[in-house]
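Observations on the model geometry
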Amino acid sequence: MKIMVPVKRVIDYNVRPRVKPDGSGVDLANVKMSMNPFDEIAVEEALRIKEAGQADEVVVVSIGPAKAVDTLRSALAMGADRAIHVQTDEAVEPLAVAKILKAVFDAEQPGLAILGKQAIDDDANQTGQMLAALTGRPQGTFASKVAVEGDHVAVTREVDGGAETVRLQLPAIITADLRLNEPRYASLPNIMKAKKKPIEATTPADYGVDVAPRLTMLKVTEPAARAAGVLVGSVDELVARIKDMGVVA
């Protein structure tokens, strides 16, 4: 079985994003970039399935500018076998991403596609679900546990009321939640080996996908400053303040 894992290049999660002075977007100049943390979890899960003898190959895919190759190299250093880079300098929206991934899915014919549940830059949480719809394959979203069982996969999902387990016929689409695993660090020997692993270069046009934006970004602003808290001396005072705020009658 082959496993496909899309990965995205985003602002490093330790970096505080800065809004451009004109409010047209987030300033990416001289900002540290890295692999989306949820995608890193997805790569780790694919590697664990392969190491358990339930998969033969892990293929990573990234859609983005030339520097997205660095993200692919990080996944290859973790242990992925090969990579596909769909190069574009345009900001690609989730639907276009899903259409490109659908074309890659059709070409590669993986038994599993494991994605991060969302990217930390836009928090859209759409691509995995859209990919499942476009491919017509079953989906297990927000996965906290994955167990391959022959031609099926059992996925434990994080839901509002706790957790539920679904059993999906392969091929299937899975999106990884934070609790699924703890990603490994790439060792220096594996980082060196990753430089020799193949990366196939393509473009959205090769898959017949139009990445022209469907949405218009009007303005980006910093979040409002959090107001200072108020210390109350009793429950009665607390209730009175809540009433003054109009939260309760």
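Summary of the structure given here. Because the structure is a prediction, the values reported are computed rather than measured.

Quick notes on the sheet that holds strand S10 (residues 152–159)
- Strand order in this open sheet of nine strands is S11-S10-S9-S12-S8-S1-S6-S7-S13, and the pairing throughout is mixed. Looking at which strands have only one partner, the edges of the open sheet turn out to be strand S11 (162–169) and strand S13 (199–202). Between one strand axis and the next, the sheet turns through 30° on average, direction left out of account.
- Relative to S10, strand S9 (residues 139–149) runs antiparallel, the two sharing six bridges. Each residue of the ladder has a partner; that of Lys-145, found in S10, is Thr-156.
- Most of the contacts of helix H1 (residues 37–51) go to strand S8 (residues 112–116), to which it runs at about 150°, and overall it touches strand S1 (2–6), strand S6 (57–64), S8, S9 and strand S12 (172–176).
- Sheet contacts for helix H3 (residues 94–108): S1, S6, strand S7 (82–87), S8 and S12; angle to S6, the most-contacted strand, approximately 150°.

Section: the nonpolar core
- By size, the foremost hydrophobic cluster in this structure holds 34 residues, and its most contacted members are Val-5, Val-43, Val-60, Leu-112 and Val-153.
- Broken down by secondary-structure element, the contributors of at least two residues to this core are S1, H1, S6, helix H2 (68–78), S8, S9, S10 and S12.
- For this core, the element with the highest residue contribution is H1, accounting for six residues.
- Not counting chain neighbours up to four residues away, the residues in contact with Val-5 comprise Asp-39, Ala-42, Val-43, Ala-46, Val-58, Val-59, Val-60, Val-61 and Ile-114.
- Of all hydrophobic cores here, the second largest spans 20 residues; its members include Met-4, Val-59, Val-97 and Ile-173.

Comments concerning the layout of surface pockets
- If you add up the space inside the second largest pocket, you get close to 700 Å³.
- Taken together, 25 residues line the second largest pocket, and the ones lying closest to its centre are Tyr-13, Met-35, Glu-40, Pro-183 and Tyr-185.
- Secondary structure elements with two or more residues in the lining of the second largest pocket: strand S5 (33–35), H1 and H2.
- When grouped by side-chain class, the residues that make up the lining of the second largest pocket number 13 nonpolar, five polar and seven charged.

Section: the pairing of S7
- Among the six residues of S7, five are classified as buried, and the element is accordingly described as predominantly covered.
- As paired strands, S6 and S7 are joined by six bridges and run parallel to one another. Across the sheet, the residue bridging to Val-60 is Ala-83, located in S7.
- In the classification by handedness, the crossover that spans S6, the intervening H2 and the parallel S7 is right-handed.
- Where S7 lies against S13, four bridges are found, and the strand directions are parallel. Bridge pairing in S13 places His-85 opposite Ala-201.

Some details on the side chain of Asp-39
- Checked against the element boundaries, Asp-39 lands in helix H1.
- It is Lys-8 that comes nearest to the buried, bridge-free Asp-39 among opposite-charge side chains, at 7.7 Å.
- Among the polar contacts made by the side chain of Asp-39, one reaches the main-chain amide nitrogen of Lys-8 at a distance of 2.8 Å.
- Not counting residues up to four positions away in its chain, the partners in contact with Asp-39 are Val-5, Pro-6, Val-7, Lys-8, Leu-115 and Gly-116.

Remarks on H3
- With 15 residues, H3 extends 20 Å from end C-alpha to end C-alpha; this agrees with the ideal 21 Å at 1.5 Å per step.
- Considered for burial, the residues of H3 that qualify are Pro-94, Ala-96, Val-97, Ala-98, Ile-100, Leu-101, Ala-103, Val-104, Phe-105 and Glu-108.
- Each element contacted by the buried residues of H3 is listed here: S1, S6, S7, S8, helix H4 (127–135) and S12.
- Positive backbone phi, approximately 55°, marks Gln-109, located one or two places after H3.

Here's the deal with the packing of H3 against H4
- Interaxial distance between H3 and H4 falls to 9 Å at its minimum, and their mutual angle equals 50°. When the axes of H3 and H4 are compared, the pair comes out oblique. In the crossing of H3 with H4, the sense of the turn from one axis to the other is right-handed. Within the contact between the two elements, H3 uses Pro-94, Leu-95, Val-97, Ala-98, Lys-99, Leu-101, Lys-102 and Phe-105 and H4 uses Thr-127, Met-130, Leu-131, Leu-134 and Thr-135.
- Across the contact of H3 with H4, the residue classes tally to nine nonpolar, two polar and two charged.

Cut-offs used in this document
Residues numbered from 1 in each chain as written. Predicted model: local features only at pLDDT ≥ 70, side-chain atom pairs only at ≥ 80, totals over all residues. Heavy atoms only, no water. Pairing = 2+ DSSP bridges. Helix = DSSP H or I, 4+ residues; strand = E, 2+ residues; numbered from the N terminus. Axes fitted to C-alpha atoms, helices over the stretch in contact; angles between N-to-C directions. Contact = heavy atoms within 4.5 Å. Core = buried A, V, L, I, M, F, W, Y, C linked by side-chain atoms within 4.5 Å. Buried < 20%, exposed > 50% of the residue type's maximum accessible area, 1.4 Å probe, protein only. 1 Å grid on protein atoms, 1.4 Å probe; cavity = no way out; pocket = protein on both sides within 12 Å on 5 of 7 lines; lining within 4 Å. Points joined across faces, edges and corners; volume = space filled by probe spheres on them. Nonpolar A, V, L, I, M, F, W, Y, C, P; charged D, E, K, R; others polar. Right-handed = clockwise from strand over helix to strand, strands pointing away. Lys, Arg positive; Asp, Glu negative; His and termini not counted. Salt bridge = Lys/Arg side-chain N within 4 Å of Asp/Glu carboxyl O. Polar contact = N/O pair within 3.5 Å; in protein donor to acceptor, adjacent residues only side chain to side chain. Expected span 1.5 Å × (residues − 1). Parallel < 35°, antiparallel > 145°, perpendicular 65-115°, else oblique. Left-handed = near helix turned anticlockwise from the far one by under 90°.

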